[in-house]
Amino acid sequence: MQAHLTSYEETIFSKIIRKEIPAAIVYQDDLVTAFRDIAPQAKTHILIVPNKFIPTINHATQEDEAALGRLFTVAAKIAKEEGISESGYRLIVNCNEDGGQEVFHIHMHLVGGEPLGRMIAK
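Residues numbered from 1 in each chain as written. Predicted model: local features only at pLDDT ≥ 70, side-chain atom pairs only at ≥ 80, totals over all residues. Heavy atoms only, no water.

Outline the side chain of Gln101, listing residues and values.
When you line up the elements, Gln101 lands in the loop between β4 (89-92) and β5 (108-112). Judged by its relative accessible area of 1%, Gln101 is buried. Among the polar contacts made by the side chain of Gln101, one reaches the main-chain carbonyl oxygen of Pro55 at a distance of 2.8 Å. Of note is the side chain of Gln101, whose polar atom sits 3.1 Å from the backbone oxygen of Val103. (Helix = DSSP H or I, 4+ residues; strand = E, 2+ residues; numbered from the N terminus. Buried < 20%, exposed > 50% of the residue type's maximum accessible area, 1.4 Å probe, protein only. Polar contact = N/O pair within 3.5 Å; in protein donor to acceptor, adjacent residues only side chain to side chain.)

In structure tokens, the structure reads:
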């Protein structure tokens, strides 16, 4: 996990969006890009990211609403294509270290394809 950041820099996700490094991209448009996680936590594990670099949810502005809303509509489209929309899936967005964010470029995890259990185990 990254140490507390006082300034944010472009991440690996920006390079994936620009196709500078290989990734299994499943969807891309002018606002968002979706690709398979390289360390999947479920049978289906896809990351959906805004193409604009936004480090955390705390950095989102009104100008980002279209892209952030698109994360959800693309998630529903991909879930249907992956065959998990009826059985169910989970959408996860982490914010900062305590929230479990490891890459500081907003991203939504779409996970499913199997029973996921409780959201938070305590």
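Back to the text.
Please provide a residue-by-residue account of the pairing of strand β3 (residues 44-50), values included.
With 7 of 7 residues buried, β3 is to be regarded as a mostly interior element. What you see with β3 is no split at all: Thr44, Ile46, Ile48 and Pro50 on one side and His45, Leu47 and Val49 on the other are buried throughout. Here β3 runs beside β5; their pairing, made up of 5 bridges, is antiparallel. Among the inter-strand pairings, Thr44 is bridged to a residue of β5, identified as Gly112. (Pairing = 2+ DSSP bridges.)

Run through unusual backbone geometry, naming residues and quoting values.
Positive phi, normally seen in glycine, also occurs at Lys19, with a value near 60°. Overall, Lys19 belongs to the exposed group, its relative accessible area being 55%. Although it is not a glycine, Asn96 adopts a positive phi angle of roughly 65°. The topology assignment puts Asn96 in the loop between β4 and β5. Looking at Asn96, the relative accessible area reads 23%, which means it is partly exposed.

So what's going on with the side chain of Asp64? Residues and values would help.
As for its position among the elements, Asp64 is in the loop between β3 and α2 (65-81). Setting aside its immediate chain neighbours within four residues, Asp64 contacts Lys52, Ile54 and His59. (Contact = heavy atoms within 4.5 Å.)

Now, about the nonpolar core: what can you tell me, with residues and values included?
Within the largest apolar cluster, 15 residues are counted, with the highest numbers of intra-cluster contacts made by Ile46, Ile48, Leu71, Ile78 and Leu110. Here the element with the most residues in this core is α2; it accounts for 6 residues. Phe13, Ile16, Leu47 and Val49 belong to the second largest nonpolar core, which has 6 residues in total. (Core = buried A, V, L, I, M, F, W, Y, C linked by side-chain atoms within 4.5 Å.)

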